[in-house]
Amino acid sequence: MNNNEALNIYPKTFSHIGITVPDIEEAVKFYTEVLGFYVIMEPTLVTEENETAIGQMCIDVFGEGWGTFRIAHLSSGDKIGFELFEFKESKDLKPNFEPFRTGLFHFSVQDPDVEGLVQKIVDAGGKQRMPIREYYPGEKPYRMCYVEDPFGTVFEIYSHSYELHYSAGAYK
């Protein structure tokens, strides 16, 4: 590797994640009222067509024949994008929780009040999938819990940053 190649290797930043939901208005309400994300772009109809850049991009991604879908853009407190999609097919197709299958397993959010956030999720129609656990019981206050939004998407809550949870060797 030469010096120019070495300069091009650096940690990339995370931009956004896209989630498909059955009801975009309900999902925007959940993710803004429960997780505190904020709306960048209200739910918008996208139509299959070749006349605009977004129409061309969506045909590239989804192929042809999808007709229309709705999309909304939210953001987290640390400016990570949260893209919500609602397709006609989304109404009847629930996600399957298959952690052993290759591909995206979950995402995670951080809140120092894990207990309070879990309760808000449950109160809003989501699920707590496990007890709240500590990584270093009696030593450090790092807690976590897997939950599910009201639409079946599984995610994790951390009390502290990812780096703090793992830098001391959480698997010892």
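Shown above is the structure to which this text applies.
Residues numbered from 1 in each chain as written. Predicted model: local features only at pLDDT ≥ 70, side-chain atom pairs only at ≥ 80, totals over all residues. Heavy atoms only, no water.

When you look at the pairing of strand β4 (residues 81-87) in this model, what are you seeing that I'm missing?
Side-chain direction in a regular strand flips from residue to residue, so the side chains alternate between the two faces of the sheet. Burial of β4 is extensive: seven of the seven residues sit out of reach of the surface. The alternating pattern of β4 places Gly81, Glu83, Phe85 and Phe87 and Phe82, Leu84 and Glu86 on opposite faces, both of which are buried. Both strand β1 (residues 16-20) and β4 contribute to a ladder of five bridges, which runs parallel. Of the residues in β4, the one forming a bridge with Ile19 is Leu84. Bridge count for strand β3 (residues 68-75) against β4 is seven bridges, and the pairing is antiparallel. When the bridges of β4 are listed, Ile71 appears paired with Phe85. The turn joining β3 and β4, which pair antiparallel and follow one another in sequence, is formed by five residues; a positive phi near 70° is taken by Lys79. (Buried < 20%, exposed > 50% of the residue type's maximum accessible area, 1.4 Å probe, protein only. Helix = DSSP H or I, 4+ residues; strand = E, 2+ residues; numbered from the N terminus. Pairing = 2+ DSSP bridges.)

Would you explain the nonpolar core in this entry?
A general tendency of soluble globular proteins is for nonpolar side chains to be buried together. Residues Tyr31, Phe82, Leu84, Phe155 and Ile157 are the most contacted members of the largest nonpolar core, which totals 26 residues. The element that contributes the greatest number of residues to this core is helix α2 (residues 24-33), accounting for five residues. One finds Cys58, Ile59, Trp66 and Ile71 within the second-largest nonpolar core, a separate group that totals eight residues. (Core = buried A, V, L, I, M, F, W, Y, C linked by side-chain atoms within 4.5 Å.)

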